[in-house]
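Here is what each chain is made of, one letter per residue.
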Amino acid sequence: ISSSPQSMDRELAAFAAKRGARSEGLDAYGEIYRYADRAITIDFLRNALKHDQDMSQLVARARQAYMSGDENSVFAVNREGQHLEDPRVSRILVEERNADWLPLIKGHIRAGGRFIAVGLSHLIGEEHLLDQLRKDGYAPTRVPASDRLR
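Note that this is a predicted model, so its numbers are computed, not measured.

Participant: Please explain the overall build of the protein chain as it appears in this structure.
Facilitator: Check the secondary structure of the protein chain and you find 7 helices and 0 strands. For the protein chain, the succession of helices and strands along the chain, N to C, is α-α-α-α-α-α-α. For the protein chain, buried positions account for 23% of its 150 residues. For the protein chain, long-range pairs separated by at least 24 residues make up 75% of all intrachain contacts whose partners lie at least 6 apart in sequence.

Below you can see the structure in the form of structure tokens.
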């Protein structure tokens, strides 16, 4: 949640390293490309360009809702934007990755717990990670966001 030119993954890794903490990704190196290759099509890109302004405004409102800590507002903004999303893309990039990540996350928790950071889309919707963890008896806690990692 930063204006840094580097990716959020790299920024979080640097944040952890400064504090002597280990960090690792949930996706194996390059694995995101396997998902993206199946999800991103010419039609998806055309639609994204067609609705660029709508999506930009929606993302800004989603960020504001998330930063406020009000889950109901986050869910409302997500529902509002569903007509702009391609359900197939969401299934591949979010739901399939959540399913692949869940055993890894549980392993991290069993190994002594971890701070686990994921994108907002993995925390909302029908198959989001928090509900899946709760169904299995875990009690994940939302860490309040700040405008910048400190």
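Participant: Any chance you could explain the confidence of the model for the protein chain here in plain terms?
Facilitator: Close inspection of predicted coordinates is inappropriate in any region flagged by low pLDDT. Taken residue by residue, the protein chain gives an average pLDDT of 79. The fraction at 70 or more is 87%. Confidence, expressed as mean pLDDT per element, reaches its minimum in the protein chain at helix α5 (residues 71-81) with 74 and its maximum at helix α7 (residues 129-135) with 90.

Participant: Is there a simple way to think about the environment of I105 in this case?
Facilitator: Position of I105 among the secondary structure elements: in helix α6 (residues 87-110). Spatially, the C-alpha atoms of I105 and F115 are 9.9 Å apart, while their sequence positions differ by 10 residues. If sequence neighbours within four positions are ignored, I105 has contacts with L26, I116, L129 and L133.

Participant: Please clarify how the side chain of H128 should be interpreted in this entry.
Facilitator: Structurally, H128 can be placed in the loop between α6 and α7. Take H128: its relative accessible area is 5%, and that puts it in the buried class. A distance of 3.0 Å separates polar atoms of two side chains, one belonging to H128 and the other to D131.

The rules behind the values
Residues numbered from 1 in each chain as written. Predicted model: local features only at pLDDT ≥ 70, side-chain atom pairs only at ≥ 80, totals over all residues. Heavy atoms only, no water. Helix = DSSP H or I, 4+ residues; strand = E, 2+ residues; numbered from the N terminus. Buried < 20%, exposed > 50% of the residue type's maximum accessible area, 1.4 Å probe, protein only. Contact = heavy atoms within 4.5 Å. pLDDT = per-residue confidence, 0-100. Polar contact = N/O pair within 3.5 Å; in protein donor to acceptor, adjacent residues only side chain to side chain.

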